[in-house]
Amino acid sequence: MSLSILQQFNWSAMTPEFIILGVSALLTLLDLFMPKSLDRKILGWIGIAAILAAIVSVLGMVGGPVTSILDNSFRLDSFAMAFKLLLLAGSGLVLFLAVSYKAKDGLEEYHGEFYYLFLSALLGAMIMTSSGDLITLFIGLELLTVSSYILAGIRKYNLESNEAAMKYVINGGISTAITLFGMSYVYGLTGSTNLIEIAGRLSSVSDGQQAYLLTLAFLIVFVGLSFKLAAAPFHMWAPDVYQGAPTPVTAFLSVVSKTAGFVIVLRILLTVFGSAASVGDPSKPILLEMQDYLAFIAGATMIIGNVVALRQSNIKRMFAYSSIAHAGYILVAITSLSSNMFYSIWFYLLAYMLMNLGAFAVIQVVSEKTGSTKIADFAGLYRRSPVLAVVMGILLVSLAGFPGTAGFIGKLNIFIGAFYGTPHYVLASVMIATTVISYFYYFGVMTQMFFRPASDDSKFNLPFGIIVVLIVAVVGSVLFGVMPNIALDFMQNNLDVLADFFS
Amino acid sequence: MNLTAVLSILVFSPLLGIAVLALMPKSAEKAIKVVGFLATLPALLLALAAYLHYQFGKDLADFSVSVPWIQFRGMAGVDEPFFSVNYELALGGFQLLLVVLTAVVATLSALAAAKFVKKEWKGYFMLFLLLEIGMLGVFTAENLILFFIFFEITLIPTFFLIGKWGYFEKEKAAYSFLIYNGLGSAVLLIVIMILFAKTGTTNIDTLVQIMADPSAPLSGDLKLGLFIALLIAFGVKLPIFPLHSWMLKVHVQAPPSVVMIHSGILLKIGAYGLIRFGMGIFPEQFKTLATLIAVLGVINLLYGAFLAFIQTDFKMVLAYSSISHMGIVLIGLAAMNEAGVQGAIFQVISHGLISALLFFLVGILYERTDTSLIENLGGMAKGMPIAAGFLLAAGMASLGLPGMSGFVSEFMAFLGLFKEMPWIAAVGTIGIIMTAAYLLRAVLGITYGKSHREFTGVLDLKGVEFVPVVVLMLLIVLIGVYPSVLSAPLKATLETIMLGIGG
């Protein structure tokens, strides 16, 4: 490819990515040349500034036409912009947590990489949202996961952190290999890695043999991606990794990494398997034929996540299972494939980001103070810090999906999708029933905070970063619960995802 | 005059109190109690004003408000707009009465709370006012989603009010409340979402019309299934016989001021739901199952009455008596004629007042003597003649003495059922006799029973304690001797219901 061709590309479509890439490279260099005595926190603040700049640049592109560059391997459509905003906002909040993070053990003062690895992981996730090609999709995925492996194990003198990183690497490596193997089937059948081209070729083929192979490819790819989403039965790594990783990293994994997982699922499932004819009925795409399988996975994920969460005594493990359950709820939306699917998934991820990150901010403060992550350490939080307890209460209520909070509207959206068109009675009932089960463990934390006496009366000092996260989380959760149309209208008016997703 | 804002102000007026309370120091006990009480007054005054508005012959439709609230988005060009939910409040005759009842009982309960609550008044009153918003909202909501939102809003404060300020087994009671009601509302949510997805609206009046239309997009089986689900959802709340165990725990463990609200108003949401949605939206299905409902009503009546007869704790007597009296609501409804339905509605209001009064008196007794066992309370008339007099009078009202509200409602409910199902009604009358037996046993046992303790030094009613007792007693007698205070506003409601049933 000659220079003149390179210059023809509309590189401005990648502005947000360039900002993140440039700043993370800059931070790496700064970290290298800064004297050891200087506090590395400044790197975190620069990272936050970079993310804000990237958000502004994405907002500046909103409403523009679909741009695709580099032979369609990078495309900037509404889908990409909508999810980039989520990823950027989530990572920004995570960085606020990170700059407030004081590890008790295992993390040295000298830890610049703690900040810029978040940025490189974010870059991977952003590339995934914009990929129009299996290769870029895969590279984005790898960039995200490899950065996450290091982050999970960053407390290198801490046993749990090492265990977490090790489990994460092994499980993640296997799942990536499986995904790649599945993709190789698709490539083998179509001779292309470009998603649109694949879709085009598959829709014109009606050979029964190919349909069998594609069904197999679907299963393999989905198994690999289930690891990423921590969907049952491939969720086993999540609790150990969530528990061992530093709290900001756990927050990152549960929110940003999960969002990126859904991005890749949507891209691959809808474009590739949404257009390939199935075995039995050539007019029906594989995706529709596999609906029962998806429904089964979604149901199992919700049941396992919510039921096992009941038995946890460690708050981070509990939130690991809770995040498994939430992945299950979103899978319900994917299963039902209704026409509001994008909006309901996007809105749910937005709500989930706010409430989960807020909850992790509280967990971080409490666990730093008490030195452990037992749920029992929340005892008497209301006495020690009423504000913190009430904030956590609101976020837990939102996670449990009570009205007045964004969590409720998110679930409502998913229900409408599930009952509309071909109704999925069983799946929706499982979702509602498991939601009630989730009351037990969310309100278990409430019981500790409000009903139990405190072991000591010491107060909490809230660092600035934590305060920012808590305010954003609570205001967002309540605002989008009372006036969800602020977010929904923004999506509808500016980012008409379905209109340009397949073009 | 434009009155559309009145209902919103009425429903959300307690928010002002919550805001003021939030700014007050925890230790200002007196001031908190005063603010907590005052905050219930705007709703009370507005509710009474609305009642007068009606009595002066003006139209209740003046209060209706409807503004667009949430638009759930679908695929552009395909399902647009997908679904929308309006913020709509309105008052019918039935709702008006329940709103007045709620406002009265809430104000009196706030007075009672100033008496009975011994710690953390700030938290108590903030939650209490939130609960009031939920209750007022439930009875004014004009669409199912709004109804559900307010319905769920009542759950969280009640959970905390029971779990934090209750007696020995308060947490168990709180959990059992949360889970039973959570399951009930989960079933309700399924019904609402199916109706929403199938008809595209949740406005109650529109739904009534759609359902009456034989070309409605719902099959008969689905309708029957939805109705049974609705019966279960509200059956938990009412409670109907096998679903009642949570309610006993709540009545015994919750603080008296909360039980006044719970037994006086919250249980009535079940009855309201059955009448407004069960009978209103599914009249045919109600007719199909009328015999079953009548049998359930008789079972409730007899089961409650027999078990109330053998209880040693006065609180348990009252709890079972509530179950028994809710049976009369079912009996009246199952008759499906004007007398029966009117009797059921009368019973809802009347029992709300009577049980609030009885539980207030129990609270007083427990506070003075630290016991609620009938045996230990014997001979109360000697030490507390005034309180004993009111207790006797309330007992008489509860067993249906002519001249008090209980008589009117029981009489009409049975009159209705005797017309339609004489045999079942005949069995039911055993319950009336049992009611007299257990109430006389309990009330006489306390007032004139064998004295096991000295009542000397025990204070009789004094000061503000007279306010709840006298107000409730006056209302009970007023309804008993002049029932048209209730029947006049109900006329239009009854006509609509009768039109729906086709009777």
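Residues numbered from 1 in each chain as written. Chains lettered and ligands numbered in written order. Predicted model: local features only at pLDDT ≥ 70, side-chain atom pairs only at ≥ 80, totals over all residues.

Asker: Outline the overall build of chain A, listing residues and values.
Answerer: Per the secondary structure count, chain A includes 22 helices and two strands. The C-alpha atoms of chain A give 22 Å as radius of gyration, which agrees with the globular expectation for 503 residues (23 Å, within 12%). For chain A, the spread of C-alpha atoms along the principal axes amounts to about 70 × 55 × 40 Å. Taking all 503 residues of chain A together, 59% fall into the buried category. (Helix = DSSP H or I, 4+ residues; strand = E, 2+ residues; numbered from the N terminus. Rg over C-alpha atoms; globule rule 2.2 N^0.38 Å. Buried ≥ 20, exposed ≤ 12 C-beta atoms within 10 Å, placed from the backbone.)

Asker: If you had to explain the overall build of chain B to someone new, which residues and values would you point to?
Answerer: Of the regular secondary structure elements, chain B holds 23 helices and two strands. On C-alpha atoms alone, chain B measures out to a radius of gyration of 22 Å, which is about the 23 Å that the 2.2 N^0.38 rule sets for 503 residues. A principal-axis box enclosing the C-alpha atoms of chain B has dimensions of 80 × 60 × 45 Å. Of the contacts formed within chain B by residues at least 6 apart in sequence, a portion of 79% connects residues at least 24 apart. (Contact = placed C-beta atoms within 7 Å.)

Asker: Kindly report on the interface of chain B and chain A, identifying the contributing residues and their values.
Answerer: Residue-level contacts link 31 residues of chain B with 32 residues of chain A. The biggest single contributor to the side of chain B that touches chain A is helix α8 (residues 170-199) of chain B, with twelve residues. For the side of chain B that touches chain A, the per-class residue count stands at 22 nonpolar, four polar and five charged. (Nonpolar A, V, L, I, M, F, W, Y, C, P; charged D, E, K, R; others polar.)

Asker: Got a sec to walk through the environment of G47 of chain A? Specific residues and values, please.
Answerer: All names here are of chain A. Residue placement: G47 occurs in helix α3 (residues 41-61). Residue class for G47 comes out buried when judged on the 27 C-beta atoms lying within 10 Å of it. Sequence-wise, G47 and F118 are 71 residues apart; in three dimensions their C-alpha atoms are separated by 8.7 Å. Those residues in contact with G47, other than ones at most four positions away along the chain, are V23, L27, L95, Y115, Y116, F118 and L119.

Asker: An account of the packing of helix α5 (residues 93-116) of chain B against helix α22 (residues 466-481) of chain B is needed here, citing residue identities and associated values.
Answerer: All names here are of chain B. With their axes 9 Å apart at the nearest point, α5 and α22 run at an angle of 155° to one another. As summarised for this structure, α5 and α22 are arranged roughly antiparallel, according to the angle between their axes. Here α5 runs over α22; the crossing is left-handed. Facing L108, L111 and A112 of α5, the residues of α22 in contact are V467, P468, V471 and L472. In the contact of α5 with α22, the residues fall into seven nonpolar, no polar and no charged. (Axes fitted to C-alpha atoms, helices over the stretch in contact; angles between N-to-C directions. Parallel < 35°, antiparallel > 145°, perpendicular 65-115°, else oblique. Left-handed = near helix turned anticlockwise from the far one by under 90°.)

Asker: Give a description of the nonpolar core that names residues and reports values.
Answerer: Residues L357 of chain A together with L361 of chain B are the most contacted members of the largest nonpolar core, which totals 394 residues. Element by element, the count of residues in this core is highest for helix α15 (residues 341-370) of chain A, at 22 residues. Excluding anything up to four places from it in sequence, L357 of chain A contacts G90, L93, V94, A251, V255, V469 and A473 of chain A. (Core = buried A, V, L, I, M, F, W, Y, C linked by C-beta atoms within 7 Å.)

Asker: Please set out unusual backbone geometry residue by residue, giving values where relevant.
Answerer: Put simply, A232 of chain A and P233 of chain A share a cis peptide bond, and its omega is 0°. Among the structural elements, P233 of chain A can be located in the loop between α9 (208-229) and α10 (237-244). Between L238 of chain B and P239 of chain B the backbone carries a cis peptide bond, its omega angle lying at -10°. You can see P239 of chain B is positioned in the loop between α10 (220-237) and α11 (245-253). Phi at M336 of chain B is positive, roughly 55°, even though this residue is not glycine. Its place among the elements puts M336 of chain B in the loop between α15 (314-335) and α16 (338-369). Residue M336 of chain B is classed as buried on the basis of its 24 C-beta neighbours within 10 Å. The phi torsion at D370 of chain B lies on the positive side, around 60°, for a residue other than glycine.

Asker: Before we move on, can you summarise the packing of α3 of chain A against helix α4 (residues 78-99) of chain A with the specific residues and values?
Answerer: Residue and element names in this part refer to chain A. Between α3 and α4, the least distance of the axes is 9 Å, while the angle of their chain directions is 165°. One finds that α3 runs roughly antiparallel with respect to α4. Crossing geometry of α3 relative to α4 is assigned as left-handed. Counting all contacts with α3, which are made through K41, G44, W45, G47, I48, I51, L52, A54, I55, V58 and M61, the residues of α4 involved are M81, K84, L85, L88, A89, S91, G92, L95, F96, A98 and V99. Taken together, the residues of the contact of α3 with α4 break down into 16 nonpolar, four polar and two charged.

Asker: Tell me about the confidence of the model for chain B, and please be specific about residues and values.
Answerer: With 96% of its residues at a pLDDT of at least 70, chain B reaches an overall mean of 87. In the model output, the complex is listed with pTM 0.91 alongside ipTM 0.88. (pLDDT = per-residue confidence, 0-100.)

Asker: Now, about α4 of chain A: what can you tell me, with residues and values included?
Answerer: The end-to-end C-alpha distance of α4 of chain A is 32 Å, a good match for the 32 Å that 22 residues give at a rise of 1.5 Å each. In terms of burial, α4 of chain A is a largely internal element, 22 of the 22 residues being buried. (Expected span 1.5 Å × (residues − 1).)

Asker: Pulling in residues and values, what's your account of helix α14 (residues 315-336) of chain A?
Answerer: An α-helical turn contains 3.6 residues, so a residue and the one three or four places further along point in the same direction. Residues and elements named next belong to chain A. Helix length check: α14 (22 residues) gives 32 Å between terminal C-alpha atoms against 32 Å at 1.5 Å per residue, within 8%. Among the 22 residues in α14, 22 count as buried, and that is most of the element. Positive backbone phi, at 50°, marks L337, one or two positions downstream of α14.

Asker: A description of the environment of V236 of chain B should follow, citing residues and the corresponding values.
Answerer: Residues and elements named next belong to chain B. With respect to the element layout, V236 can be found in helix α10. Taking the C-alpha atoms as reference points, V236 and T447, separated by 211 residues in sequence, lie 34 Å from one another. When near neighbours in sequence (up to four residues on either side) are disregarded, V236 contacts Y180, N181, L183, G184 and L243.

Asker: Would you mind going over the environment of Y329 of chain A in detail, with residue names and values included?
Answerer: Tracing the backbone through its elements, the reader meets Y329 of chain A in helix α14. Y329 of chain A has contacts with M302, Y348, K411, I414 and M431 of chain A, leaving out every residue within four places of it along the chain.

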